[in-house]
Amino acid sequence: QVGLDSKGEPELVTYARQRGAYTIGLACTPGSDVGALADLDITVAVGPEVLSGSTRLKAGTATKLVLNMLSTGTMVRLGKTFGNLMVDLRATNEKLRLRANRIVREATGLDRATAGALLDNCGREVKTALVAHSSFPWSAEDYERAKPDLRLNSVNELPELLQMTTDYTDVT
(Lines give C-alpha, C1' and ligand atoms only; values in the text may rest on other atoms or scores of the structure.)
Protein backbone atom coordinates (compact mmCIF):
# COMPACT_ATOMS: atom_id res chain seq x y z
CA GLN A 1 0.00 0.00 0.00
CA VAL A 2 1.17 3.50 -0.76
CA GLY A 3 -0.04 6.65 0.93
CA LEU A 4 0.51 10.09 -0.53
CA ASP A 5 0.48 13.41 1.24
CA SER A 6 1.09 16.49 -0.85
CA LYS A 7 1.64 18.69 2.22
CA GLY A 8 4.71 16.80 3.41
CA GLU A 9 3.22 16.27 6.86
CA PRO A 10 4.22 13.08 8.69
CA GLU A 11 0.79 11.98 9.99
CA LEU A 12 0.25 9.43 7.21
CA VAL A 13 3.68 7.85 7.74
CA THR A 14 3.09 7.69 11.49
CA TYR A 15 -0.34 6.12 10.94
CA ALA A 16 1.08 3.48 8.57
CA ARG A 17 4.00 2.64 10.87
CA GLN A 18 1.63 2.15 13.83
CA ARG A 19 -0.09 -0.54 11.78
CA GLY A 20 3.18 -2.29 10.90
CA ALA A 21 3.41 -1.13 7.27
CA TYR A 22 6.69 -0.54 5.50
CA THR A 23 6.76 3.18 4.79
CA ILE A 24 8.28 5.27 2.04
CA GLY A 25 8.71 9.00 2.44
CA LEU A 26 8.65 10.80 -0.89
CA ALA A 27 9.53 14.48 -0.84
CA CYS A 28 11.05 17.12 -3.08
CA THR A 29 12.64 19.02 -0.19
CA PRO A 30 15.79 17.60 1.46
CA GLY A 31 15.42 16.97 5.20
CA SER A 32 11.63 16.62 5.17
CA ASP A 33 9.80 15.32 8.22
CA VAL A 34 8.17 12.60 6.11
CA GLY A 35 11.54 11.24 4.98
CA ALA A 36 12.95 11.24 8.50
CA LEU A 37 10.08 9.09 9.81
CA ALA A 38 9.84 6.64 6.90
CA ASP A 39 11.64 3.33 6.50
CA LEU A 40 12.83 4.52 3.09
CA ASP A 41 13.42 8.17 2.34
CA ILE A 42 13.20 9.17 -1.32
CA THR A 43 14.11 12.80 -1.79
CA VAL A 44 14.08 14.27 -5.27
CA ALA A 45 15.82 17.62 -4.94
CA VAL A 46 14.33 19.56 -7.84
CA GLY A 47 15.09 23.07 -6.60
CA PRO A 48 12.74 26.02 -6.70
CA GLU A 49 9.85 26.07 -9.14
CA VAL A 50 10.07 28.27 -12.22
CA LEU A 51 6.79 29.89 -11.21
CA SER A 52 6.81 30.72 -7.54
CA GLY A 53 3.91 29.12 -5.69
CA SER A 54 3.39 26.34 -8.21
CA THR A 55 3.95 22.73 -7.15
CA ARG A 56 2.73 21.17 -10.39
CA LEU A 57 5.83 21.82 -12.46
CA LYS A 58 9.12 20.33 -11.29
CA ALA A 59 7.99 18.84 -7.97
CA GLY A 60 4.78 17.36 -9.38
CA THR A 61 6.55 15.90 -12.40
CA ALA A 62 9.37 14.46 -10.28
CA THR A 63 6.86 12.89 -7.88
CA LYS A 64 4.97 11.31 -10.77
CA LEU A 65 8.21 9.87 -12.22
CA VAL A 66 9.17 8.32 -8.87
CA LEU A 67 5.69 6.81 -8.48
CA ASN A 68 5.91 5.40 -12.02
CA MET A 69 9.26 3.78 -11.13
CA LEU A 70 7.83 2.30 -7.93
CA SER A 71 4.79 0.86 -9.71
CA THR A 72 6.94 -0.51 -12.56
CA GLY A 73 9.25 -2.20 -10.06
CA THR A 74 6.22 -3.64 -8.28
CA MET A 75 4.88 -5.13 -11.54
CA VAL A 76 8.27 -6.74 -12.21
CA ARG A 77 8.49 -8.18 -8.68
CA LEU A 78 4.94 -9.56 -8.96
CA GLY A 79 5.83 -11.44 -12.15
CA LYS A 80 3.60 -9.41 -14.44
CA THR A 81 6.35 -8.81 -16.99
CA PHE A 82 8.44 -10.84 -19.43
CA GLY A 83 11.59 -8.92 -20.27
CA ASN A 84 10.36 -5.42 -21.01
CA LEU A 85 6.84 -6.57 -21.90
CA MET A 86 3.79 -6.32 -19.63
CA VAL A 87 2.33 -9.79 -20.03
CA ASP A 88 -0.27 -10.00 -17.29
CA LEU A 89 -2.90 -8.56 -19.61
CA ARG A 90 -6.38 -9.79 -20.40
CA ALA A 91 -7.60 -8.41 -23.71
CA THR A 92 -11.15 -7.27 -22.94
CA ASN A 93 -11.56 -4.62 -25.66
CA GLU A 94 -10.23 -3.95 -29.16
CA LYS A 95 -7.38 -1.71 -28.02
CA LEU A 96 -6.17 -4.34 -25.56
CA ARG A 97 -6.64 -7.14 -28.14
CA LEU A 98 -4.31 -5.29 -30.51
CA ARG A 99 -1.81 -4.70 -27.70
CA ALA A 100 -1.97 -8.35 -26.62
CA ASN A 101 -1.36 -9.51 -30.19
CA ARG A 102 1.64 -7.17 -30.51
CA ILE A 103 3.10 -8.39 -27.20
CA VAL A 104 2.72 -12.05 -28.17
CA ARG A 105 4.34 -11.35 -31.55
CA GLU A 106 7.26 -9.52 -29.94
CA ALA A 107 7.83 -12.26 -27.38
CA THR A 108 7.46 -15.23 -29.75
CA GLY A 109 8.25 -14.05 -33.26
CA LEU A 110 4.83 -15.28 -34.46
CA ASP A 111 2.93 -13.53 -37.22
CA ARG A 112 -0.28 -11.60 -36.51
CA ALA A 113 -2.67 -14.43 -37.48
CA THR A 114 -0.82 -17.09 -35.47
CA ALA A 115 -0.58 -14.82 -32.43
CA GLY A 116 -4.33 -14.15 -32.73
CA ALA A 117 -5.17 -17.85 -32.90
CA LEU A 118 -2.93 -18.54 -29.91
CA LEU A 119 -4.60 -15.78 -27.90
CA ASP A 120 -8.07 -17.06 -28.86
CA ASN A 121 -7.10 -20.49 -27.56
CA CYS A 122 -5.84 -19.01 -24.30
CA GLY A 123 -8.84 -16.91 -23.32
CA ARG A 124 -7.11 -13.75 -24.60
CA GLU A 125 -4.63 -13.93 -21.69
CA VAL A 126 -1.14 -12.96 -22.81
CA LYS A 127 0.73 -14.75 -20.01
CA THR A 128 -1.19 -17.98 -20.67
CA ALA A 129 -0.53 -17.67 -24.41
CA LEU A 130 3.21 -17.28 -23.85
CA VAL A 131 3.39 -20.27 -21.54
CA ALA A 132 1.33 -22.38 -23.96
CA HIS A 133 3.50 -21.36 -26.91
CA SER A 134 6.75 -22.03 -25.06
CA SER A 135 5.44 -25.52 -24.23
CA PHE A 136 3.91 -26.21 -27.66
CA PRO A 137 5.30 -23.94 -30.42
CA TRP A 138 2.77 -24.74 -33.13
CA SER A 139 1.88 -23.15 -36.44
CA ALA A 140 -1.28 -21.11 -37.03
CA GLU A 141 -2.94 -24.16 -38.60
CA ASP A 142 -2.15 -26.27 -35.54
CA TYR A 143 -3.67 -23.65 -33.22
CA GLU A 144 -6.78 -23.36 -35.39
CA ARG A 145 -7.20 -27.15 -35.60
CA ALA A 146 -6.87 -27.56 -31.82
CA LYS A 147 -9.03 -24.55 -30.99
CA PRO A 148 -11.98 -26.46 -29.50
CA ASP A 149 -9.62 -28.51 -27.32
CA LEU A 150 -7.44 -25.69 -26.05
CA ARG A 151 -9.85 -22.90 -25.16
CA LEU A 152 -8.97 -21.66 -21.69
CA ASN A 153 -11.10 -19.58 -19.37
CA SER A 154 -8.21 -18.65 -17.10
CA VAL A 155 -4.58 -19.38 -16.35
CA ASN A 156 -5.80 -21.76 -13.62
CA GLU A 157 -6.82 -24.20 -16.36
CA LEU A 158 -3.28 -24.43 -17.74
CA PRO A 159 -2.58 -27.83 -16.08
CA GLU A 160 -5.63 -29.17 -17.93
CA LEU A 161 -4.20 -27.75 -21.16
CA LEU A 162 -0.91 -29.53 -20.61
CA GLN A 163 -2.70 -32.79 -19.89
CA MET A 164 -5.04 -32.46 -22.92
CA THR A 165 -2.22 -31.68 -25.35
CA THR A 166 0.02 -34.64 -24.72
CA ASP A 167 -1.19 -36.12 -28.03
CA TYR A 168 0.01 -33.01 -29.89
CA THR A 169 3.58 -32.76 -28.54
CA ASP A 170 5.08 -34.14 -31.75
CA VAL A 171 3.58 -31.29 -33.80
CA THR A 172 6.11 -28.54 -34.57
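1. Some points on the overall build of the protein chain
- Of regular secondary structure, the protein chain possesses 8 helices and 4 strands.
- Listed by position from the N terminus, the elements making up the protein chain come as α-β-α-β-α-β-β-α-α-α-α-α.
- Taking all 172 residues of the protein chain together, the buried fraction comes to 31%.
- At a minimum sequence separation of 6, the contacts of the protein chain that also span at least 24 residues come to 38%.
- Of the roughly 11,000 Å² that the protein chain leaves accessible, carbon and sulfur atoms contribute 54%.

2. Re the pairing of strand S1 (residues 24-27)
- Where burial is concerned, the two faces of S1 differ: the one with Gly25 and Ala27 is buried and the one with Ile24 and Leu26 is not.
- In this structure, S1 lies alongside strand S2 (residues 40-43), joined through 4 bridges in parallel fashion. Looking at S2, one finds that Gly25 is bridged to Asp41.

3. Considering helix H3 (residues 58-77)
- In this model, H3 (20 residues) spans 29 Å end to end at C-alpha, consistent with the 28 Å of a helix rising 1.5 Å per residue.
- Residue Gly79 follows H3 closely and has a positive phi angle near 80 degrees.

4. Concerning the nonpolar core
- In this structure, Val104, Leu118 and Val126 are the most contacted members of the largest nonpolar core, which totals 17 residues.
- Going through the elements one at a time, helix H4 (94-108), helix H5 (112-121) and helix H6 (126-135) are the ones with two or more residues in this core.

5. Focus: the packing of H4 against H6
- As a packed pair, H4 and H6 sit with axes 10 Å apart at the nearest point and diverge in direction by 30 degrees. The angle between H4 and H6 falls in the class roughly parallel. The way H4 lies across H6 gives a crossing that is right-handed. Contact residues: H4 offers Ala100, Ile103, Val104, Ala107 and Thr108, while H6 offers Val126, Ala129, Leu130 and His133.
- Tallied by class, the residues present in the contact of H4 with H6 amount to 7 nonpolar, 2 polar and no charged.

6. Concerning a nonpolar patch on the surface
- Together, Tyr22, Ile24, Leu40 and Leu70 give the surface a local cluster of nonpolar side chains, amounting to about 330 Å² of exposed area.
- Secondary-structure assignment places Leu40 in strand S2.

7. Quick word on the confidence of the model for the protein chain
- Mean pLDDT over the protein chain stands at 78; residues scoring 70 or higher make up 74%.
- For the protein chain, helix H8 (residues 158-164) is the element with the lowest average pLDDT, namely 43, and H4 is the one with the highest, namely 95.
- Confidence drops under pLDDT 50 across residues 148-172; counting only partners more than four residues distant or on other chains, this segment forms 35 contacts.

8. Re the pattern of salt bridges
- Applying the stated rule across the entire model yields 6 salt bridges.
- The salt bridge partner of Arg97 is Glu94, with a shortest N-O separation of 3.3 Å. Pair noted here: Arg97 and Glu94 are both in helix H4, with a separation of 3 residues, about one helical turn.
- Connected via shared salt-bridge partners are Lys80, Asp88 and Lys127.

Conventions adopted
Counting restarts for each chain: residues are numbered from 1 in the order of the written sequence. The predicted origin of the model limits local features to residues at a pLDDT of at least 70 and limits the giving and counting of side-chain atom pairs to 80 or more, whereas totals for whole chains, interfaces and linings rest on all residues. Excluded from the side-chain calculations are hydrogens and water; all other atoms, namely the structure's heavy atoms, are used. Put simply, DSSP marks the helices as runs of H or I at least four residues long and the strands as runs of E at least two long, and each gets a number from the N terminus on. Categorising residues by exposure relies on relative accessible area from a 1.4 Å probe, with only protein chains included: less than 20% of the type maximum marks a residue as buried, more than 50% marks it as exposed, and the intermediate range marks it as partly exposed. Contacts are assigned to residue pairs with any non-hydrogen atoms lying within 4.5 Å of each other. To be clear on the numbers: accessible area is Shrake-Rupley with a 1.4 Å probe, and residue cover counts the displayed protein chains and nothing else. The pairing criterion is simple: DSSP has to find at least two bridges between the two strands. Residue count minus one, scaled by 1.5 Å, sets the expected span of a helix. Buried residues of nine kinds, namely Ala, Val, Leu, Ile, Met, Phe, Trp, Tyr and Cys, make up a nonpolar core once their side-chain atoms join them within 4.5 Å. With axes taken as lines fitted to C-alpha atoms, and helix axes fitted only over the stretch in contact, angles between N-to-C directions fall between 0 and 180 degrees. An angle below 35 degrees is read as roughly parallel, one above 145 as roughly antiparallel, one from 65 to 115 as roughly perpendicular, and any other as oblique. It is the rotation of the near helix from the far one that decides the hand of a crossing: anticlockwise by less than a right angle makes it left-handed, clockwise makes it right-handed. Under the scheme applied, nonpolar residues are Ala, Val, Leu, Ile, Met, Phe, Trp, Tyr, Cys and Pro; charged residues are Asp, Glu, Lys and Arg; polar residues are all the others, including Gly. Residues enter patches when they are more than 30% accessible in relative terms and free of salt bridges; like-charged ones are connected within 9 Å and nonpolar ones (Val, Leu, Ile, Met, Phe, Trp, Tyr) within 5 Å. What makes a salt bridge here is a side-chain nitrogen of Lys or Arg within 4 Å of a carboxyl oxygen of Asp or Glu, nothing more. Each residue carries a pLDDT value, the predictor's own confidence for that position, ranging from 0 to 100.

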